[in-house]
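Summary of the model geometry
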Amino acid sequence: MTGALLAGCALLLWGAAPMASAGGPTSVLLAAPGTERTASLYQSDLRYAALEELLGTPARGSREQPPEEDLMAADQVNVTWMIHDVTPWRIDRVHRMARGQDVWIRRTQDVARQTKGTWYRAARPGELRALLDDLGLPGGSPAPMASGADGGREAATGPAEAVGSAPPVRSSSGPGAGTGWWWAVPGAVAGAVLALGLRPLVARRPWDRLRGEPGPRQELRDV
């Protein structure tokens, strides 16, 4: 009877104790530098397993790599796999080619340095593209600036002027520039006529009388 009671208590304690997780990958973070958009998935999301499956694994012994000019024109999505939502353990750089439907992936587990990685093609690029679109990470680059020299200059200077920068200084060249000297000519002529007309009056004015007699204006008295 004592043994049966001890066994029953042990079973109750074991059943009531919470199941401890051994740990492992729990979440993934996706970031698209070209469009400055991000997305994230938790392990319980069905799209987490779908993304992991569509990214696949590199083929053994494959040394194929996309051309550098194609990578420059491709749209990139960085996929960072996390352990316990804190520590990254693998990074997949997904490159959606601008020409065609190919999707190239560079996988590395050297997260600190990222010097070692393996290039390979996605086995189902169409489904991978559709999943990324569904996550709010559509392909494409940021909106281009306005075309033309004037449009490009307005796009470059617009944000600076919006935050309260000084207004642009007008150039002194171009139509209508330098016309202010016409206003100086009548003023100079009027000044010369006025000076010549007042000169005789100034010469005949008894300025000495206005100034008064020379000498001190004090008187010493003996009281």
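Everything quoted here is computed from the prediction, not taken from an experiment. Counting restarts for each chain: residues are numbered from 1 in the order of the written sequence. Side-chain atom pairs in this predicted model are given and counted only at pLDDT of 80 or more, local residue features only at pLDDT of at least 70, and totals for whole chains, interfaces and linings cover all residues. Neither water nor hydrogens contribute to the side-chain values; these are computed over all heavy atoms in the structure.

**Observations regarding the pattern of salt bridges**
Salt-bridge detection follows one rule: a side-chain nitrogen of Lys or Arg within 4 Å of a carboxyl oxygen of Asp or Glu. Summed over the entire model, instances satisfying the criterion amount to 12 salt bridges. Residue D102 pairs with R121 through a salt bridge whose shortest N-O separation is 2.7 Å. Residue D102 is located in the loop between β4 (87-96) and β5 (103-108), and its partner R121 is located in strand β6 (residues 118-121); the two are separated by 19 residues in the primary sequence. Taking the shortest distance from any N to any O, the salt bridge between D110 and R113 comes out at 3.5 Å. Between buried and exposed lies partly exposed: a residue is buried under 20% and exposed over 50% of the maximum accessible area for its type, with that area taken using a 1.4 Å probe on protein chains only. A residue is classified by how much of its surface remains accessible, and D110, at 18% relative accessible area, is buried. A single network of salt bridges, built from pairs that share partners, joins D45, R47 and D134. Put simply, DSSP H or I for four residues or longer makes a helix, DSSP E for two residues or longer makes a strand, and each gets a number counted from the N terminus.

**Re the nonpolar core**
Only buried residues count toward a nonpolar core. Its members are Ala, Val, Leu, Ile, Met, Phe, Trp, Tyr and Cys residues joined through side-chain atoms within 4.5 Å. Ranked by size, the top nonpolar core spans 22 residues in total, and within it L30, L51, L55, V79, V94 and L128 carry the most contacts. At the level of elements, β1 (25-32), β2 (37-42), α2 (46-55), β3 (75-83), β5 and α4 (125-134) are the ones that each hand at least two residues to this core. Counting residues per element, this core draws most heavily on α2, which supplies four residues. Residue contacts for L30: discarding those within four places in its chain leaves R37, T38, A39, S40, L51, V77, N78, V79, L132, L135 and L137. Throughout, a contact is declared for two residues whenever any of their heavy atoms are within 4.5 Å.

**Focus: the environment of G139**
Within the element layout of this structure, G139 appears in the loop between α4 and α5 (149-162). C-alpha separation for the pair G139 and G34, spaced 105 residues apart in sequence, amounts to 8.6 Å.

**A word on unusual backbone geometry**
Not every positive phi belongs to a glycine, and E36 is a case in point at roughly 55 degrees. Residue H84 is not a glycine yet carries a positive backbone phi of 55 degrees. Inspection of the secondary structure assignment puts H84 in the loop between β3 and β4.

**Brief notes about the packing of α2 against α4**
Lines fitted to C-alpha atoms define the axes, with helix axes restricted to the stretch in contact, and inter-axis angles between N-to-C directions lie between 0 and 180 degrees. In contact at an axis separation of 10 Å, α2 and α4 are set at 145 degrees when each is read in the N-to-C sense. Crossing geometry of α2 relative to α4 is assigned as left-handed. Contacts from R47, A50, L51, L54 and L55 of α2 reach α4 at E127, L128, L131 and D134. Residues that form the contact of α2 with α4 fall into these classes: six nonpolar, no polar and three charged. Here a crossing is called left-handed whenever its near helix is offset anticlockwise from the far helix by less than a right angle, and right-handed whenever the offset is clockwise. Amino acids are sorted into nonpolar (Ala, Val, Leu, Ile, Met, Phe, Trp, Tyr, Cys and Pro), charged (Asp, Glu, Lys and Arg) and polar (every other residue, Gly among them).

**Observations concerning the environment of E52**
Here E52 lies in helix α2. Classification of E52 as partly exposed rests on a relative accessible area of 38%. When the C-alpha positions of E52 and W81 are compared, they lie 9.7 Å apart, and in sequence the two are 29 residues distant.

**Comments concerning α2**
Every buried residue of α2 is listed here: Y48, L51, L54 and L55. Down the axis of α2, the buried set is contained in an arc of 135 degrees. They therefore lie on one face. For α2, the exposed residues lying more than 90 degrees away from the buried face are L46 and E53. Nitrogen and oxygen atoms within 3.5 Å of one another constitute a polar contact, given that in protein one can donate a hydrogen and the other can accept it, and given that sequence-neighbouring residues count only through two side-chain atoms. Where α2 begins, one side-chain oxygen reaches toward the backbone nitrogen of R47, 2.9 Å away; that side chain belongs to D45. Directly beyond the C-terminal end of α2, a positive phi value near 65 degrees is found at G56. To obtain the arc, one takes the directions from the helix axis to the C-beta atoms.

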